[in-house]
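# Reading the structure
Okay, here's what each chain looks like letter by letter:
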Amino acid sequence: MEADRLAKGDSPKKAFKAGALGRRVTVTGVDFVFRPQPTVYLLWALGDEETRRVIEAAHERAIERVLEWIEDEVAVIRYGKDGIYRVRPPGGLVAARFRHYEARSGMPLLHDHLLLSVKGQRLDGKWGSIHTLALHENTVAASALYNELVAAEVCEALGLATEPRTVTPGRRPVMEIAGVPHELIRWTARRSDQIAACLEDLEHEYVTAVDDDGELKFLPVVSERARAKLNQMAARKTRPPKQKTRPLAQLRAWWKTSAILTSGVAVDIINSLLEHARAAAAAIRARVATVVDIALAAVDVTTTVFVMNDGGRFHRRHLLAEARRHLALVLRGRRRDPGLDDQIVAAAISTHCLDISEPKTTIGLLSDYRLYTARWTLSDLPARRHPPTAVRGPDRQPPADPGAPAAPRPPGQDAGEWEIPRLPLQYERAVLAVRWCGRSCAPPPSCGAGRTTSSRTSRRRCPSSCSRPRPPTPSTTTGSRRPHLGRRST
């Protein structure tokens, strides 16, 4: 259409408008997927009928609580010119929920799809569109809230406790039900194995791809953003067709038989999985005190968010997601007082964060879109007694066995990440990583990083004015971000 209009003498602007209709995509709903931690749905799949009902009820209550938070704190209807006015939907949101019991591989996977309509009614009775960007921006915070709530509900109802489990070295641990053998998690990971094998091939094709002149088309190092896209491609390429629907009772009987025959876990443990988990919970609760220190939590949350966000800049939603992860780690499956996560965020912002917002639009004045950074800087840190030890990334291998116990942290940090000696509490997590400024400069060739930059076309060297320290040997980035609510969120 554009070519036809241009041939007839129309201006490029008119030609573009003529073809714009074919590019316009109307979003009618957003699909959220709520899935509990693997150890939770393993208890649901292999436990007795009463355990199954308790876990499903906890799963549903956690979903309801997350939706209430989205309605009260996240969802807004935009109206007026350029959507400058925003209002909460007073009548709430409209959603349809669908329950699935298994993955495409046939393994147990309790999860709900929630199709959320993007239409909401204002106070004047008119219907407007829910701002979908706000929903996507708060997905990680919603995921952390669901993970925390479903674990607490299950643990309080069944007398269990949670423990951290390292899935990927150098990444945050995930909180799982204590006492459930990790071999059972591995038993359910058939799709993960398929995706990992395909991802390895795609990464090799990516780093070896050449253009017509025989030069590399992409960087010789797979960035985290590229790995996330390749992971999505691998998931699509290995996606099997859906299986025929079977009754849940039949699925639970088949799962138990399969676990006994193929998981490598003793039969008596599988048959008494709940009692085994309760014994582990009793040991944890006897030695771990439930004490939430808001001041220390604020330090922990601020330093973690400062390190994990590019350039050390972040929004309130990043602090909120990390505060919920912190509470899940400290409480070990116990319920918390409502609003405790907001108290930690408020303490972090008032004490350890510096508002660096320069709002040029109305949205920049909103509290949720204020831009922060930590009050301390790397130059304020005490001098190191020993030079930092460079670490190298792992070779291209499939992800570590999720059922294996956490190993000592081997070489495998993110790009530019150093191991640093222990520092005072307020700094010790703030400097777990030192990252290169992603847009303004690149590591010098003496670092061994070659021409790594944030853009394919950019080949700028690190200027002499850059104040970032130069690590001896950067490494490749690892890991990817998951889109699901629950289980793992980064």
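Below is a summary of the structure that appears in this document.

Rules and cut-offs
- Residues numbered from 1 in each chain as written.
- Predicted model: local features only at pLDDT ≥ 70, side-chain atom pairs only at ≥ 80, totals over all residues.
- Heavy atoms only, no water.
- Patch = residues over 30% accessible without salt bridge, like charges linked within 9 Å, V, L, I, M, F, W, Y side chains within 5 Å.
- Areas by Shrake-Rupley, 256 points an atom, 1.4 Å probe, with all protein chains shown as cover.
- Salt bridge = Lys/Arg side-chain N within 4 Å of Asp/Glu carboxyl O.
- Lys, Arg positive; Asp, Glu negative; His and termini not counted.
- Charge placed at Lys NZ, Arg CZ, Asp CG, Glu CD.
- Helix = DSSP H or I, 4+ residues; strand = E, 2+ residues; numbered from the N terminus.
- Buried < 20%, exposed > 50% of the residue type's maximum accessible area, 1.4 Å probe, protein only.
- Core = buried A, V, L, I, M, F, W, Y, C linked by side-chain atoms within 4.5 Å.
- Contact = heavy atoms within 4.5 Å.
- Phe/Tyr/Trp six-rings, centres within 6.5 Å; stacked < 30°, edge-to-face > 60°.
- Lys NZ or Arg CZ within 6 Å of the ring centre and 35° of its normal.
- Polar contact = N/O pair within 3.5 Å; in protein donor to acceptor, adjacent residues only side chain to side chain.
- Axes fitted to C-alpha atoms, helices over the stretch in contact; angles between N-to-C directions.
- Parallel < 35°, antiparallel > 145°, perpendicular 65-115°, else oblique.
- Nonpolar A, V, L, I, M, F, W, Y, C, P; charged D, E, K, R; others polar.
- Pairing = 2+ DSSP bridges.
- Expected span 1.5 Å × (residues − 1).

## Focus: a negative patch on the surface
- Among the surface-exposed residues, Glu 64, Glu 68, Asp 72, Glu 73 and Asp 368 lie close enough to one another that they form a single negatively charged patch.
- Here Asp 72 lies in helix H4 (residues 49-74).

## Focus on the pattern of salt bridges
- Considering all chains together, one arrives at 25 salt bridges under this definition.
- Across the salt bridge formed by Asp 341 and Arg 336, the nearest N and O atoms sit 3.3 Å from each other.
- With a shortest N-O distance of 3.1 Å, Asp 355 and Arg 370 are connected by a salt bridge. Placement of the pair is Asp 355 in strand E11 (residues 353-355) and Arg 370 in the loop between E11 and strand E12 (372-374), with a sequence separation of 15 residues.
- Here Asp 355 falls in the partly exposed class, since its relative accessible area comes to 37%.
- Within the structure, one salt-bridge network assembled from shared partners comprises Glu 49, Arg 52, Glu 56, Glu 60, Arg 97, Arg 99, Asp 112 and Arg 252.

## Things to note about the nonpolar core
- Formed by 43 residues in total, the largest nonpolar core has its most connected members in Val 66, Trp 69, Ile 70 and Leu 135.
- When residues of this core are traced back to their parent elements, those giving at least two are strand E1 (29-34), H4, strand E5 (108-117), helix H6 (139-158), helix H13 (294-308), helix H14 (316-331), helix H15 (340-352) and E12.
- In terms of residue count, H4 provides more of this core than any other element does, seven residues in total.
- The contacts of Leu 135, once residues within four sequence positions are left out, are Val 30, Phe 32, Ile 70, Val 74, Leu 116 and Ile 130.
- In terms of nonpolar packing, the next biggest core, distinct from the first, is built from 32 residues, Val 40, Ala 58, Leu 109 and Trp 255 among them.

## Thoughts on the packing of aromatic side chains
- In this structure the tally under the stated criterion is four aromatic pairs.
- Ring geometry for Phe 34 versus Tyr 146: centroids 5.5 Å apart, planes at 65°, classification edge-to-face. Pair noted here: Phe 34 is in strand E1 and Tyr 146 is in helix H6, with a separation of 112 residues, a long-range link.
- Owing to a relative accessible area of 1%, Phe 34 belongs among the buried residues under this scheme.
- Using a relative accessible area of 0% as the deciding quantity, one classes Tyr 146 as buried.
- Seen from their ring centres, Trp 44 and Trp 255 are 5.7 Å apart, and the 50° between their planes marks the pair as tilted. With Trp 44 in helix H3 (residues 38-46) and Trp 255 in helix H10 (residues 248-262), this pair connects stretches of sequence that are 211 residues apart. Pair check on accessibility: Trp 44 and Trp 255 agree, each one buried.
- Among the aromatic residues, those joined into a ring-pair cluster are Trp 44, Tyr 101 and Trp 255.
- Stacked on the ring of Tyr 79, the Lys or Arg Arg 122 has its end atom at 4.4 Å from the ring centre.

## Remarks on the environment of His 131
- One can find His 131 in the loop between strand E7 (127-130) and helix H5 (132-137).
- The exposure class of His 131 is buried, given its relative accessible area of 8%.
- When the C-alpha atoms of His 131 and Val 76 are compared, they prove to be 5.8 Å apart, with 55 residues separating the residues in sequence.
- With near-sequence residues (within four places) excluded, His 131 lies in contact with Val 76, Arg 78, Arg 86 and Tyr 369.
- Of note is the side chain of His 131, whose polar atom sits 3.5 Å from the side chain of Arg 78.

## Structural notes on a nonpolar patch on the surface
- A cluster of nonpolar side chains, Tyr 79, Ile 84 and Tyr 85, forms an exposed patch at the surface whose accessible area comes to about 280 Å².
- Within the secondary structure layout, Tyr 79 lies in strand E2 (residues 77-79).
- Note on Tyr 79: relative accessible area 32%, which makes it partly exposed.

## A short note on the packing of H13 against H15
- The interhelical angle for the contact between H13 and H15, taken along N-to-C directions, is 70°, at an axis separation of 8 Å. Between H13 and H15, the angle is such that the two are roughly perpendicular. Judged by residue contacts, Ile 294, Ala 295, Ala 297, Ala 298, Val 299, Val 301 and Thr 302 of H13 engage Leu 340, Gln 343, Ile 344, Ala 347, Ala 348 and His 352 from H15.
- Class assignment of the residues belonging to the contact of H13 with H15 gives a composition of 10 nonpolar, three polar and no charged.

## Brief notes about the sheet that holds strand E3 (residues 85-87)
- Strand order in the open sheet made by the four strands is E3-E2-E7-E6, with antiparallel pairing throughout. Edge positions in the sheet fall to E3 and strand E6 (119-121), since each has one partner strand and no second. Between one strand and the next, the sheet's axes are offset by a mean angle of 45°, whatever the strand orientation.

## Topic: H6
- Over its 20 residues, H6 extends 28 Å from the first C-alpha to the last, a length consistent with the 28 Å expected when each residue adds 1.5 Å.
- Judged by how many residues are buried, H6 sits mostly within the fold: 17 of 20 residues are covered.
- Phi for Gly 159, located one or two positions after H6, is positive at around 70°.

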